[in-house]
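Reading the structure
If you want the building blocks of each chain, they are given just below.
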Amino acid sequence: MSAPTEKPTRETIIEVRGLLSQFGDRTIHEDLDLDVQRGEVLGVVGGSGTGKTVLLNSIIGLKQPEGGSVRLFGYERDTLTKAEAAEIERRTGVLFQQGALFSALSVLDNVASPLVEHTNLPRDTIRELAEMKIAMVGLKPEAHHLKPAELSGGMRKRVGLARALALDPELIFLDEPTAGLDPIGAAAFDDLIRQLSDDLDLTVFMITHDLDSLYAICDKVAVLADKHVVAKATVQELERSDHPWIKEYFLGPRGRAAHQSAA
């Protein structure tokens, strides 16, 4: 009788080990470990002050950890050469919570900016690629020449997402992507992220407090509490957790409503 075929192990593209994050005498993370596999849509949740954005910033290089290690695509963040750092930047995209768009630039120029910075493509090609990314996130050509101040909150997030996708990244980071959106807009944005993840084979690291997003699009959820990741599992597995914060979060009134909505 032949041995059963082993399922292939997916590549780990984010590996955090023993992370220590501090601000003065205050310790945010201590001995924090986290792995994210290729193709995974990971939601990151936690109470106020648990350092969700600090973790994101430590991974993308905006904050230097006080201890531990961060590896992206197999590269050690602390020892990156200039060429390796540029490669990682090309392979990742970031959507910050408020979009972080350049206020003086049009939608088209905002989305084109990573292509201008990281490629030597002809201007016409850059314009065509930027137009393609704008269409990909569901915006019409009429938006191309608008400035960020002329956009609704949902449109700003879509433009920010289009810019994050400009270089065809393998990995995108989303910081509270549905914050400030009405329920219909938030659901539409969730659908967009799931569709893009499936169509483009993206790996997604998403900080969120939106329970509907967790149920709708996340493969796994990492829970920050007690200064580290106390669980990484499916929503269904977390619903059975005995951890006090996890029980309150997923089994409270809003959690039950999100569960019923997803059923």
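Worth saying up front: this structure is predicted, and the values here are computed from it rather than measured.

1. Thoughts on the overall build of the chain
Per the secondary structure count, the chain includes 10 helices and 10 strands. A compact globule built from 263 residues would reach a C-alpha radius of gyration of about 18 Å, and the chain, at 19 Å, matches this within 12%. When burial is assessed residue by residue, the chain has 48% of its 263 residues classed as buried. A separation threshold of at least 6 residues defines the contact pool for the chain, and within that pool the share at least 24 residues apart is 65%. Carbon and sulfur atoms provide 50% of the accessible area of the chain, an area that totals close to 13400 Å².

2. With respect to the sheet that holds strand E7 (residues 171-175)
One open sheet holds the 6 strands; their spatial order is E6-E7-E8-E3-E9-E10, and the pairing between them is mixed. The sheet is open, and its two borders are formed by strand E6 (92-95) and strand E10 (228-233), each paired with just one other strand. For this sheet, the mean angle separating the axes of adjacent strands, direction not counted, is 15 degrees. Of the strands in this sheet, E6 and E7 touch helix H5 (residues 153-164), which is tilted by about 165 degrees from E6.

3. Here we look at the environment of His-144
On the secondary structure map, His-144 appears in the loop between helix H4 (123-136) and H5. Exposure remark for His-144: the relative accessible area of 8% places this residue in the buried category. Ignoring anything within four residues of it in the chain, the contact list for His-144 reads Ser-106, Val-107, Leu-108, Glu-131 and Ile-134.

4. Section: the packing of H5 against helix H6 (residues 183-200)
Relative orientation of the contacting elements H5 and H6 amounts to 15 degrees, with a least axis distance of 11 Å. Taken together, the axes of H5 and H6 lie roughly parallel to each other. The handedness of the crossing between H5 and H6 is right-handed. Where H5 abuts H6, its residues Lys-157, Arg-158 and Leu-161 lie against Ala-188, Phe-189, Leu-192 and Leu-196. Per-class residue counts for the contact of H5 with H6 are 5 nonpolar, no polar and 2 charged.

5. Side note on the packing of aromatic side chains
Under the defined criterion, the tally for this structure stands at 3 aromatic pairs. Taking the centre distance of 5.4 Å and the plane angle of 55 degrees together, the rings of Phe-173 and Phe-205 count as tilted. Of the two residues, Phe-173 sits in strand E7 while Phe-205 sits in strand E8 (residues 203-207), which places them 32 residues apart along the sequence. Of the two residues, Phe-173 and Phe-205, both sit in the buried class. Residues Trp-245 and Tyr-249 carry aromatic rings whose centres are separated by 4.6 Å and whose planes lie at 15 degrees to one another, so their mutual orientation is stacked. Of this pair, Trp-245 and Tyr-249 both sit in helix H9 (residues 244-251), 4 residues apart, which is roughly one turn of that helix. Take Tyr-249: its relative accessible area is 17%, and that puts it in the buried class. What links up through ring pairs into an aromatic cluster is the set Trp-245, Tyr-249 and Phe-250.

6. A closer look at the side chain of Gln-37
Mapped onto the elements, Gln-37 comes out in strand E2 (residues 26-37). Gln-37 sits in the buried class, given a relative accessible area of 17%. Side chain to side chain, Gln-37 and Lys-232 meet in a polar contact 3.4 Å long. Contacts of Gln-37, omitting those with residues within four sequence positions, involve Arg-10, Glu-11, Thr-12, Thr-203 and Lys-232.

7. Some remarks on the confidence of the model for the chain
Averaged over every residue, the pLDDT of the chain is 89; the share at 70 or more is 91%. Counting interchain partners and residues more than four positions distant, the pLDDT-below-50 stretch residues 1-7 has 0 contacts.

8. A short note on the nonpolar core
Val-137, Leu-161, Leu-174, Leu-214, Val-221, Leu-238 and Phe-250 are the most contacted members of the largest nonpolar core, which has 46 residues in total. Ignoring any residue separated from it by four or fewer positions in sequence, one finds Leu-214 in contact with Gly-43, Val-45, Thr-208, Val-221, Val-235, Tyr-249 and Phe-250.

What counts, and at which threshold
Residues numbered from 1 in each chain as written. Predicted model: local features only at pLDDT ≥ 70, side-chain atom pairs only at ≥ 80, totals over all residues. Heavy atoms only, no water. Helix = DSSP H or I, 4+ residues; strand = E, 2+ residues; numbered from the N terminus. Rg over C-alpha atoms; globule rule 2.2 N^0.38 Å. Buried < 20%, exposed > 50% of the residue type's maximum accessible area, 1.4 Å probe, protein only. Contact = heavy atoms within 4.5 Å. Areas by Shrake-Rupley, 256 points an atom, 1.4 Å probe, with all protein chains shown as cover. Pairing = 2+ DSSP bridges. Axes fitted to C-alpha atoms, helices over the stretch in contact; angles between N-to-C directions. Parallel < 35°, antiparallel > 145°, perpendicular 65-115°, else oblique. Left-handed = near helix turned anticlockwise from the far one by under 90°. Nonpolar A, V, L, I, M, F, W, Y, C, P; charged D, E, K, R; others polar. Phe/Tyr/Trp six-rings, centres within 6.5 Å; stacked < 30°, edge-to-face > 60°. Polar contact = N/O pair within 3.5 Å; in protein donor to acceptor, adjacent residues only side chain to side chain. pLDDT = per-residue confidence, 0-100. Core = buried A, V, L, I, M, F, W, Y, C linked by side-chain atoms within 4.5 Å.

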